[in-house]
Amino acid sequence: MTITSVTLFNAGMVAYFLAFLFYTIYTFSKSSWSSKLATGFAWLGVIIQGAGFILRGIEKARVNMVSDWTAFYKYAPFTNMYESLMLFGWTAVLLYLLFEWKYKNKAFGMFVIPLALIGELSTQILGFSEEAQPLVPALQSNWLLFHVVTTFIGYAAAAVSAGVAYAYFAKRDDTTAKDWAVVFVTTWFIFFFIIYSAYRENVPLFLAVSAVAAAVFCGILYLIKKTGVSKIFPSTQLMEQIMYQSVAVGFVFLTIGIILGAVWAKYAWGGYWSWDPKETWSLITWLVYAAYLHARYIKGLSGKPLAYFTIVGFLSVIFTYYGVNLIIPGLHSYAQ
């Protein structure tokens, strides 16, 4: 059997699923063995998929007939929906593990790991091509690696902050029906944009499917709250701090990614900014997180409104990535 990058990416997803399973067992049982297995499988997935990216880069270099290996970075394996979603999932899990190590708390694994896993599994569910493909001329650039990696670190940090925000609502004693309604609606549209972006038909059906998925997700959160499992989560103050730090990290990398993208656009298309749909929605996402940081740091806003900001920001990330790439034609439409 020949081992390919796809083989390694799939093996990594299996490890992430096992990590999610053991994080869930740990959340409900607090057993030390499940805690160790959860973190171990998460790191195993990161290592396996890291090797997958190296192999994918070699495969892409061969497809693009690269003769000068010093130019290897120009053909980084992050140039279509399949590869970039793998990068998103891998980076989200890695960032989560770093936060887990820093705060010595594993209660968020069952919230963050699924977001990464859903992103990676959507490549198969939505039928994105797994083949290493030749790069279009616009992507053959020195800026490719730096722009994509910084942007997706920002996206991954957004996923981590959203996972903590979901846990935050399950932790608070004063979570109201209105709060659950906001969580449900935003989650509903996150699922909807992911599904509809690929098929682009039968809106009523996909709205219904997405509503069911969001209802199940919110039901699990409500069950965690009502059964008292959320007691193992850290204090709401610490959770707000983790959300803030995740957003701050994401905001810095999104800013760098947008700047690098503008410079790249100048070389590729002759202008720094063309109000392409991807550029516009990247700016909107950046403004959402800028408003979050302003409200948190300058105005001293705290509590549930900041958690709303975090989830809405992640919804904007989802639309920027799935919706804009697949629904709205633009200069970035090649990234499918």
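Throughout what follows, the structure given in this document is the object of discussion. These numbers come from a predicted model, not from an experiment. (Residues numbered from 1 in each chain as written. Predicted model: local features only at pLDDT ≥ 70, side-chain atom pairs only at ≥ 80, totals over all residues. Heavy atoms only, no water.)

Let's talk about the environment of Leu44
Piece 1. Mapped onto the elements, Leu44 comes out in helix H2 (residues 32–63).
Piece 2. Residue classification places Leu44 among the partly exposed positions, given a relative accessible area of 39%.
Piece 3. Along the primary structure Leu44 and Tyr16 are separated by 28 residues, whereas in three dimensions their C-alpha atoms are 8.3 Å apart. (Helix = DSSP H or I, 4+ residues; strand = E, 2+ residues; numbered from the N terminus. Buried < 20%, exposed > 50% of the residue type's maximum accessible area, 1.4 Å probe, protein only.)

Here's the deal with the packing of helix H1 (residues 5–29) against helix H4 (residues 109–125)
Two quantities define a packed helix pair, namely the angle between the axes and the distance from one axis to the other.
Piece 1. For the pair H1 and H4, the least separation of the axes is 9 Å and the interaxial angle reads 155 degrees. The orientation of H1 with respect to H4, classified from their angle, is roughly antiparallel. Seen along the crossing, H1 lies across H4 with a hand that is left-handed. Packed against H1, whose contacting residues are Asn10, Met13, Tyr16, Phe17, Phe20, Tyr23, Thr24, Thr27 and Phe28, the element H4 presents Gly109, Met110, Ile113, Pro114, Leu117, Glu120, Leu121 and Gln124 at the interface.
Piece 2. Looking at the contact of H1 with H4 residue by residue, the class counts come to 11 nonpolar, five polar and one charged. (Axes fitted to C-alpha atoms, helices over the stretch in contact; angles between N-to-C directions. Parallel < 35°, antiparallel > 145°, perpendicular 65-115°, else oblique. Left-handed = near helix turned anticlockwise from the far one by under 90°. Contact = heavy atoms within 4.5 Å. Nonpolar A, V, L, I, M, F, W, Y, C, P; charged D, E, K, R; others polar.)

What to know about the layout of surface pockets
Piece 1. When its volume is computed, the largest pocket comes out at roughly 560 Å³.
Piece 2. Residue lining of the largest pocket: 28 residues in total, with Pro114, Leu115, Ile118, Phe191 and Phe217 positioned closest to the centre.
Piece 3. Those elements that place two or more of their residues in the lining of the largest pocket are H1, helix H3 (81–103), H4, helix H5 (144–171), helix H6 (177–199), helix H7 (203–226) and helix H10 (304–326).
Piece 4. The element best represented in the lining of the largest pocket is H4, accounting for eight residues.
Piece 5. Tallied by class, residues from the lining of the largest pocket come to 26 nonpolar, two polar and no charged.
Piece 6. Considered as a void within the structure, the second largest pocket measures approximately 170 Å³ in volume.
Piece 7. In this structure, the second largest pocket is lined by Ile118, Ser122, Ile125, Leu126, Phe191, Ile194, Ile195, Val209 and Ala213.
Piece 8. Of all elements in the fold, only H4, H6 and H7 reach the threshold of two or more residues within the lining of the second largest pocket. (1 Å grid on protein atoms, 1.4 Å probe; cavity = no way out; pocket = protein on both sides within 12 Å on 5 of 7 lines; lining within 4 Å. Points joined across faces, edges and corners; volume = space filled by probe spheres on them.)

Quick notes on the nonpolar core
Proteins that are soluble and globular tend to have nonpolar side chains buried together.
Piece 1. Residues Tyr23, Phe233 and Phe314 are the most contacted members of the largest nonpolar core, which totals 94 residues.
Piece 2. Tallying contributions element by element places H5 first for this core, with 18 residues.
Piece 3. Setting aside residues no more than four positions away along its own chain, Phe314 makes contact with Phe88, Leu115, Ala158, Ala159, Ala162, Ile190 and Tyr289. (Core = buried A, V, L, I, M, F, W, Y, C linked by side-chain atoms within 4.5 Å.)

Overview of the environment of Lys106
Piece 1. Checked against the element boundaries, Lys106 lands in the loop between H3 and H4.
Piece 2. Along the primary structure Lys106 and Ile232 are separated by 126 residues, whereas in three dimensions their C-alpha atoms are 9.2 Å apart.
Piece 3. Setting aside residues no more than four positions away along its own chain, Lys106 makes contact with Tyr23, Tyr26, Ser35, Lys36, Thr39, Tyr96 and Glu100.
Piece 4. Within the local environment of Lys106, its side chain forms a polar contact with the side chain of Ser35, the two groups lying 2.9 Å apart. (Polar contact = N/O pair within 3.5 Å; in protein donor to acceptor, adjacent residues only side chain to side chain.)

A look at unusual backbone geometry
Piece 1. Here the phi dihedral of Lys104 falls at roughly 55 degrees; this positive angle occurs in a residue that is not glycine.
Piece 2. With respect to the element layout, Lys104 can be found in the loop between H3 and H4.

Re the packing of H1 against H3
Piece 1. Their axes nearest at 12 Å, the elements H1 and H3 cross at an angle of 40 degrees. With respect to their mutual orientation, H1 and H3 come out oblique. The way H1 lies across H3 gives a crossing that is left-handed. Residues Val6, Phe9, Met13, Tyr16 and Tyr23 of H1 form the contact with H3, whose participating residues are Tyr82, Met86, Trp90, Val93, Tyr96, Leu97 and Glu100.
Piece 2. The residue makeup of the contact of H1 with H3, split by class, is 11 nonpolar, no polar and one charged.

Comments concerning empty space enclosed by the protein
Piece 1. For the coordinates displayed, the defined rule picks out two cavities of 30 Å³ or more.
Piece 2. Space inside the second largest cavity adds up to approximately 40 Å³.
Piece 3. If you go around the second largest cavity, the residues you meet are Tyr96, Phe99, Glu100, Tyr103, Phe108, Val112, Val160, Val164 and Ile242.
Piece 4. Top contributing element to the lining of the second largest cavity by residue count: H3, with four residues.
Piece 5. Looking at the lining of the second largest cavity residue by residue, the class counts come to eight nonpolar, no polar and one charged.

A word on the packing of aromatic side chains
Piece 1. Applying the stated criterion to the full structure yields 25 aromatic pairs.
Piece 2. Aromatic pair Tyr23 and Tyr96: ring centres 5.7 Å apart, planes at 85 degrees, arrangement edge-to-face. Of the two residues, Tyr23 is situated in helix H1 and Tyr96 in helix H3; the sequence distance between them amounts to 73 residues.
Piece 3. Looking at Tyr96, the relative accessible area reads 2%, which means it is buried.
Piece 4. Taken together through their ring pairs, the aromatic side chains of Phe184, Trp188, Phe189, Phe192, Phe193, Trp281 and Phe319 make up a single cluster.
Piece 5. Against the face of Trp101 rests Lys104, its NZ or CZ located 5.1 Å from the ring centre.
Piece 6. The ring of Tyr244 carries Arg296 above its face, with NZ or CZ at 4.6 Å from the centroid. (Phe/Tyr/Trp six-rings, centres within 6.5 Å; stacked < 30°, edge-to-face > 60°. Lys NZ or Arg CZ within 6 Å of the ring centre and 35° of its normal.)

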